[in-house]
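Examination of the molecular architecture
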Amino acid sequence: MDLFNENWTPLLMQWYDKNKRELPWRTESPRDPYKVWVSEIMLQQTRVEAVKAYYTNWMEHFPDIPSLAAAEEEEAVRQWQGLGYYSRVRNLHTAVREVMENYGGHVPETREEISKLKGIGDYTAGAILSMAYGKRETAVDGNVLRVFARIYNIEENILSAKVKKEITELVKARQDAERPGDFNEALMDLGATVCIPGQPRCEVCPLAAVCMARAAGKETEIPLRITKKEVPVEHLTVFVVKAAGSCHGVLDTDGEKQQRFTGQAMDGAVADTDFFLLHRRPEKGLLAGMWEFPDCPGKGTEGKESLADVLKGLGLQLVGDLRKSKPVQKIRHVFSHKVWDMEVYPVEAVMGSIPLPPEWQWVSADRMKEYNLAGPHNKIGKNFV
């Protein structure tokens, strides 16, 4: 039997029809391109189980393109909070507004047009076009690369542009012409549940008989993935700064923002309400525009002294001896290109007479949930507020 030319597509489709995963974004037929789009963006670098609840919640708030386009970016980011990689939601929000403005709210049906939308690359374009519109387009992700590398015993680095291109051509050749979207999802399901990394479950694989890596006894060695060098680790010191006593400065209370707190209570704020200092990150760059507890590079004494100087520069008077303080929380947060190792210290401070710059804000504990805290800082807030 010529394994390379064996037509195994019917075997895959029969398996998929019996074993496909029940997922909230697969319930409609025909598929809604907007819902395919949202699910695929959420699934980027995120586990399926983690996405399910976020997707359901998202659709309750933004059930269609007009509702998302009409929302402010900050509200979209708030509903995304916890999924990470926030550029995804910002790009999605920008792109749906492009769809409303340039395509009358209808997601484009050609690869050329849909690929012009912000945040949509080759994979997402192929997924939407095949799953929602029935177009014969490929959607090659990590699962598909792994499955094809094993079926065809490809021993080269699957992350190289050359191998990705070769596999994409193989996918095109094997794709079910009548059910291109289902074919793409069948490959994803097979890779996610059977042809898994490390030890594939060959005993239940519908393609075991045509798998060239298995025939060669190399199913656990393939695929070959040569990744980039190790990501750098950055050490950060974080202060959870709580207002102590009377203070002057910009506060967020139950009324309007940008007001002054000068005594035991103001504008309905309860005297014993805790206020925490937050800083808004720049509008561009990592975690753009999100809120965080005050932090700075460094750890131990060096980090504490550096961050204390920043706060004193804002006019804060710190309470207690920071030199003797120990971190009450340590967080390791992994990004795709770097790692943050964070040491967290509780700090009390009294604000002097200098008004806070607009990117700094005192926020009441009961309103903290209304702020889009950056991923690792959201973890910190849950332990203090």
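Residues numbered from 1 in each chain as written. Predicted model: local features only at pLDDT ≥ 70, side-chain atom pairs only at ≥ 80, totals over all residues. Heavy atoms only, no water.

Focus on the confidence of the model for the protein chain
The predicted coordinates of low-pLDDT regions are not to be read in fine detail. Selection criterion: The pLDDT value tells you how sure the predictor is about a given residue, anywhere from 0 up to 100. Where helices and strands are cited, they refer to DSSP runs of H or I of at least four residues and of E of at least two residues respectively, numbered from the N terminus.
Taken residue by residue, the protein chain gives an average pLDDT of 88. The fraction at 70 or more is 90%. Per-element confidence in the protein chain ranges from a low mean pLDDT of 38 for strand β3 (residues 259–260) to a high of 97 for helix α4 (residues 65–70).

Things to note about helix α14 (residues 375–384)
Applied cut-off: Here's how the labels work: a residue is buried when its accessible area is under 20% of the maximum for its type, exposed when over 50%, partly exposed in between, all with a 1.4 Å probe on protein chains only. What makes two residues a contact is simply this: any of their non-hydrogen atoms within 4.5 Å.
Residues Gly375, Pro376, His377, Asn378, Ile380 and Gly381 constitute the buried set of α14. Those residues of α14 that are buried lie in contact with β1 (233–243), β5 (291–292), β6 (295–297), β8 (329–334) and β9 (339–351).

What to know about the nonpolar core
We apply this condition: Buried Ala, Val, Leu, Ile, Met, Phe, Trp, Tyr and Cys residues form a nonpolar core when they are joined through side-chain atoms within 4.5 Å.
If you look at the biggest cluster of nonpolar residues, it comprises 63 residues, and the most contacted ones within it are Tyr34, Trp37, Trp58 and Trp80. Here this core takes eight residues from helix α8 (residues 122–133), the largest share from any one element. Sequence-distant contacts of tryptophan 80, defined by excluding residues within four places in its chain, comprise Ile41, Met42, Tyr54, Trp58, Tyr85, Tyr86, Arg88, Val89 and Leu92. Grouped together as the second largest cluster of nonpolar side chains are 31 residues, Met13, Phe183, Leu190 and Val210 included.

Concerning the pairing of β9
The condition that has to hold: Should DSSP find at least two bridges between two strands, the strands are regarded as paired.
Here β9 lies mainly inside the structure; ten of its 13 residues are buried. Taken together, the eleven bridges between β1 and β9 define a ladder with parallel strand orientation. Residue pairing across strands places valine 241 opposite valine 347, the latter belonging to β9. Note that strand β7 (residues 316–319) and β9 share four bridges and pair antiparallel.

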